[in-house]
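One letter stands for each residue in the lines below.
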Amino acid sequence: MTDSFAVNKANWDERAVLHAASPDYDFARYAEDPAHLSGVMRFDRPRLGDIAGLRAVHLQCHIGTDTISLSRLGASVTGLDFSGPALAAARRLAAAAGAEVDFHEADVHDAVAVLGAGRFDLVYTGIGALCWLPSAARWAAVVAGLLRPGGRLFVREGHPMLGTLDENDPAVPRYPYFEHAEPLVFDEPETYVTVDRPLENSVSHSWSHSLGEIITALLDHGLTLTGFTEHDSVPWNALPGQMVHDEATDEWRLKDTPARLAASYTLQAVKTA
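A quick note: this is a predicted structure, and the numbers were derived from the prediction, not measured.

**Q** Explanation requested: the side chain of Thr191 in the structure shown.
**A** By the secondary structure assignment, Thr191 is in the loop between strand 8 (184-187) and strand 9 (203-206). Assessed through its relative accessible area of 16%, Thr191 is described here as buried.

**Q** What should I look at first to understand the packing of aromatic side chains in this one?
**A** Counting across every chain of the model gives eight aromatic pairs. Arranged with centres 6.4 Å apart and planes meeting at 65°, the rings of Tyr25 and Tyr192 form a pair that is edge-to-face. In this pair, Tyr25 sits in the loop between helix 1 (2-20) and helix 2 (27-32) while Tyr192 sits in the loop between strand 8 and strand 9, placing the two residues 167 residues apart along the sequence. Assessed through its relative accessible area of 37%, Tyr192 is described here as partly exposed. An aromatic cluster is defined as three or more aromatic residues linked by ring pairs; in this entry it consists of Trp12, Tyr25, Trp132 and Tyr192. Here Arg15 stacks its cationic end above the ring of Trp12, 4.2 Å away from the centre of that ring. One Lys or Arg, Arg156, reaches over the ring of Phe43 and ends 3.7 Å from the middle of that ring.

**Q** Can you walk me through the pairing of strand 2 (residues 76-81) in this structure?
**A** Each regular strand shows side chains that alternate between the opposite faces of the sheet. Counting buried residues along strand 2, five of its six residues qualify, which places the element largely inside the surrounding structure. Relative to strand 2, strand 1 (residues 55-59) runs parallel, the two sharing five bridges. Paired with Leu59 across the bridge in strand 2 is Leu80. The handedness of the strand 1 to strand 2 crossover, carried by helix 4 (residues 65-72), is right-handed. Pairing analysis gives five bridges linking strand 2 to strand 3 (residues 101-105), with the strands arranged parallel. In the strand pairing of strand 3, Asp81 is matched with Glu105. Taken together, strand 2, helix 5 (residues 84-97) and strand 3 constitute a β-α-β crossover, and its handedness is right-handed.

**Q** Explain the pattern of salt bridges to me, please; I cannot follow it from the model alone.
**A** For side chains of opposite charge, pairing can occur when their charged atoms come near one another. What the rule picks out here adds up to eight salt bridges. With its nearest N and O atoms 3.1 Å apart, the salt bridge here joins Arg253 to Asp232. On the criterion of sequence distance, the pair formed by Arg253 in strand 12 (residues 251-254) and Asp232 in the loop between strand 10 (223-231) and strand 11 (243-246) is long-range, its members being 21 residues apart. What you see here is one network of salt bridges that share partners, running through Arg55, Asp121 and Arg148.

**Q** Would you explain the sheet that holds strand 1 in this entry?
**A** The strands making up a sheet associate through hydrogen bonds between their backbones, and the pairing can be parallel or antiparallel. On the basis of which strands lie adjacent, the open sheet formed by seven strands has the order 3-2-1-4-5-13-10 and mixed pairing. The two strands at the open ends of the sheet, each matched to only one other strand, are strand 3 and strand 10. Adjacent strand axes in the sheet meet at a mean angle of 15° when their direction is disregarded. Where helix 5 meets the sheet, it contacts strand 2 and strand 3, and its direction lies at approximately 170° from that of strand 3.

Rules behind the numbers
Starting from 1, residues in each chain are numbered consecutively following that chain's sequence as written. Per-residue local features of the predicted model are confined to residues with pLDDT of at least 70, and side-chain atom pairs are confined, for both listing and counting, to 80 or more; whole-chain, interface and lining totals are unaffected and use all residues. Here the side-chain values reflect all heavy atoms present in the structure, with hydrogen atoms and water set aside. Numbering of helices and strands runs from the N terminus; a helix is a DSSP stretch of H or I covering at least four residues, while a strand is a stretch of E covering at least two. Only protein chains enter the accessibility calculation, which uses a 1.4 Å probe; a residue is then buried when its area is under 20% of its type maximum, exposed when over 50%, and partly exposed in between. Centre distance within 6.5 Å is the pairing criterion for rings of Phe, Tyr and Trp, where only the six-membered ring of Trp is used; planes under 30 degrees apart are then read as stacked, over 60 as edge-to-face, and the remainder as tilted. A ring is considered to have a charge above it if a Lys NZ or an Arg CZ atom is located within 6 Å of its centre and within 35 degrees of its normal. For two strands to be treated as a pair, DSSP must find no fewer than two bridges joining them. By convention, orient the strands away from the viewer: a clockwise path from the first strand over the helix to the second makes the crossover right-handed. Just to be clear on terms, a salt bridge is a Lys or Arg side-chain nitrogen sitting within 4 Å of an Asp or Glu carboxyl oxygen. Note on geometry: axes are lines fitted to C-alpha atoms, helical ones only across the stretch in contact, with angles between N-to-C directions running from 0 to 180 degrees. Throughout, a contact is declared for two residues whenever any of their heavy atoms are within 4.5 Å.

Read these as geometric descriptors, not functional statements.
Structural data, given as structure tokens:
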């Protein structure tokens, strides 16, 4: 776990600097347009509902575009990430956008110790977060610890069905569907947005988690499932050459019969005790 943490932190520290400068994240738009929301948040908003006045925490918040978008929907927002460069970019963006967000640097597993137990009405986890954590059960314990009784979890995540596919041969599953102890190790100099150079810290460690394992972990930690929706789209080009971009939703889906693939899902749950 220590080695994987260090490897992933180096990878995401470098990504953060490149992502903040990427036209795909479009930092300038947040300063220019006080109503602008990230593409992820525009997709999530109909299911997220009215969050005005809620105390929200965004776990694994990266460079803060979704975090600031939550703030623009009226929540009082705390963002947490393990990358100092990512949070430096997020704070710059918040200042430019006129958003009041409380950012903290910490491992997500330490969130309760850092932020306090039972403080939040809403825990939000954006897409592309859970694969960096080795245990769904350990993550669910953090979520339960942060939420007050009656507080809500909102997750949109890449579907584990998509995660099994080899992007070079998507007809055949290659990677595990179920959780595994040892990480999957990738060496990929590219990232998921347009940047001006390849990554030098290109190695990353990730883990798979099945839908059953994620849901069971939440149930085991006192949450009740209140909503679950599967989508045929995802916010990045997960299978290059196989997907097409939908300009209206800023999402990617299979260009040939997209109903064949569950690409992402939205899960909502409430802490019952």
